[in-house]
Amino acid sequence: MTTAPDYSEKIPNNVGLAEDRRLQRALESWQPDFLSWWESMGPALPTRDVYLRTAVNVGREGWAHFGHVPMLDYRWGIFLAERDPGRVIGFGEHKGEPAWQQVPGEYRADLQRLIVIQGDTEPASVEQQRNLGAIAPSLYDLRNLFQVNVEEGRHLWAMVYLLHAHFGRQGREEAGELLHRNSGSQDAPRILGAFNEETPDWLSFFMFTYFTDRDGKYQLGTLKESGFDPLSRTCEFMLKEEAHHMMVGTTGVDRVVERTAQVMVENDTDDVTALGAIGLPVIQKYLNFHYSVSLDLFGGETSTNVANYYTAGLKGRWLEDRRKDDHKLADDSIMVDALVEGEVAQSEVSALTGLNTDLRREYIADCQTGVSRWNKILQSAGLPQRLALPHAAFNRKVGAFASIEATPAGELLSTEEWQRRKGEWLPTDVDKTYVRSLMQPVLERGKIAAWIAPPRNGINGKPFDYDYVHLT
Ligand code: BYC
Ligand code: FE
Ligand code: FE
């Protein structure tokens, strides 16, 4: 079995593309569409080259290569984690059976739907981040943005490969649609809510990579458990790249909070607006927004879709093999958030229909670690203020709380009161305009914008003042 991709090919891959001429031709005919989509919807800032990590191997050690490359020459490739020939399905009614190498006919529609939804988010995020380059706070940050962008582009390739290789003509059509829907489009928007929101500034970008890419991490984690082995192996490899996206979000918000705290302490004031930093209340509002729209990405607290996916062996749980139960869950139950007689409460449902809640719970616990980290920065600065995750009922468009309005503390509000007060909790036009006004580009080597602290470490052992990006 080949593991090292062949870089002499048009499409680097470790899936033996050269031996499947039909598939190769299909992908090669999709490739120009991808490249023209990248040119019209991808990063807008022109650059000569960027210090990028390119996936080159799937082995445990050294899976990536670093070097300056012109972005259009980035080698988007198709990599599946190594195959475990003895792998068996870990959950659901097919538990213990050999993992599928081909799509079982009865699950074709469901698998295709999961892959299309996953695939739709990847280019959507690139579109959302298109204009951030021109307002980057440093070359280091600019490079990280582009790294995230090329890898989300590669994740699109990963899903398009599965569609082309396993779903016939319908799969090829869906692969085309992935380039035709666009984030925020009136006629053909992206499928999931969060991917039609704007990412107009770098605070939004850091919150997005913290909260929304983290949904990606958890969803990929469940698809990595899939009985459909090619999907499992694809997601396993994507998760490697995702670690960097998590790092960008976590340390990005760290650095904003750090700088704000510094300015607050130096000037002995809570109001840093005139001082060129982003006030904690505004950071909290951005956090509230990105967290709540990301909670919506988990679907309803109860869902027959997710129960069916699990029973069929298509989508597992986070760290399925660490769970100490029968991995079938037919007789188990779970408490989920619910609206009971108009009040925010919990109700007991079957564990299978509650699986979106199970995953969301893992996600929330992970999100809380970021908040604790940011609060430590505030604490170390000697400040009493703290950031917090809003209540699950706050600003929801999907699930049990979609029909009500609540404060970040979880108290119910009338629609009128919500309309009147939501500016206390979500970014207002004034907040956004202020944040946008700080986004003056700093694209000189070793320099950084005043609203954010420099990173503790550079990329791949390089210093902060390395020439990460050569502009044109
Ligand atoms: N917006 O049964 P329900 C990533 C729909 S992020 C709009 O409760 P289910 C990334 C739902 O589709 C990870 N519609 O939902 C991050 C369903 O529609 P139908 C992306 C929504 O199916 C950053 C209906 O409402 N991957 O990788 O249990 C950068 C009833 O819903 C939304 C995946 O999500 C929404 N937020 O769960 C780059 C994995 N939520 O059937 C990349 C694949 C729900 O009535 N997707 N709906 O037409 C899934 O596993 C599931 O489809 C979902 C929803 C978790 C999304
Ligand atoms: Fe991705
Ligand atoms: Fe990502």
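Read on for a plain summary of the structure. Because the structure is predicted, anything quoted here is derived from the model rather than measured.

What about the site of ligand 1?
Residues in contact with ligand 1 amount to 25 residues; listed here are only the nearest, Gly216, Gly299, Gly300, Ser303 and Asn305. When contributions to the shell around ligand 1 are tallied by element, the ones reaching two or more residues are helix H2 (108–128), helix H5 (202–223) and helix H8 (304–312). Looking at the shell around ligand 1, the element that brings in the most residues is H2, giving six residues. Looking at the shell around ligand 1, its residues break down into seven nonpolar, 12 polar and six charged.

Structural notes on the sheet that holds strand S7 (residues 469–471)
Reading across the sheet, the three strands line up as S2-S1-S7 and stay open at both edges, with antiparallel pairing between neighbours. Edge positions in the sheet fall to strand S2 (64–69) and S7, since each of these pairs with one other strand and no more. Shown here is a sheet whose adjacent strand axes are inclined to one another by a mean of 15 degrees, direction ignored. Lying on the sheet, helix H3 (residues 139–166) is in contact with strand S1 (47–55) and S7; it crosses S1 at an angle near 55 degrees.

Examining the nonpolar core
Membership of the largest hydrophobic core comes to 115 residues, with the highest contact counts inside it found for Val160, Tyr161, Met207 and Val256. Element by element, the count of residues in this core is highest for H3, at 16 residues. Among all residues touching Met207, those that are not within four sequence positions of it are Val253, Tyr286, Leu287 and His290.

Focus: the pairing of strand S4 (residues 343–350)
On a regular strand, one side chain projects to one face of the sheet and the next to the other, so that they alternate. Across eight bridges, the pairing between strand S3 (residues 333–340) and S4 is antiparallel. Counted as the bridge partner of Ala338 is Ala345 from S4. Hairpin connection of S3 to S4: two residues between the antiparallel strands, including Glu341 at a positive phi of 50 degrees.

Quick notes on unusual backbone geometry
One non-glycine residue, Leu329, adopts positive backbone phi at about 65 degrees. The residue Leu329 is located in the loop between H8 and S3 in this model. Look at Leu329 and you get buried, because 23 C-beta atoms sit within 10 Å. Even without being a glycine, Glu341 presents a positive backbone phi close to 50 degrees.

Calculation criteria
- Residues numbered from 1 in each chain as written.
- Chains lettered and ligands numbered in written order.
- Predicted model: local features only at pLDDT ≥ 70, side-chain atom pairs only at ≥ 80, totals over all residues.
- Near = placed C-beta within 6 Å.
- Helix = DSSP H or I, 4+ residues; strand = E, 2+ residues; numbered from the N terminus.
- Nonpolar A, V, L, I, M, F, W, Y, C, P; charged D, E, K, R; others polar.
- Pairing = 2+ DSSP bridges.
- Axes fitted to C-alpha atoms, helices over the stretch in contact; angles between N-to-C directions.
- Contact = placed C-beta atoms within 7 Å.
- Core = buried A, V, L, I, M, F, W, Y, C linked by C-beta atoms within 7 Å.
- Buried ≥ 20, exposed ≤ 12 C-beta atoms within 10 Å, placed from the backbone.

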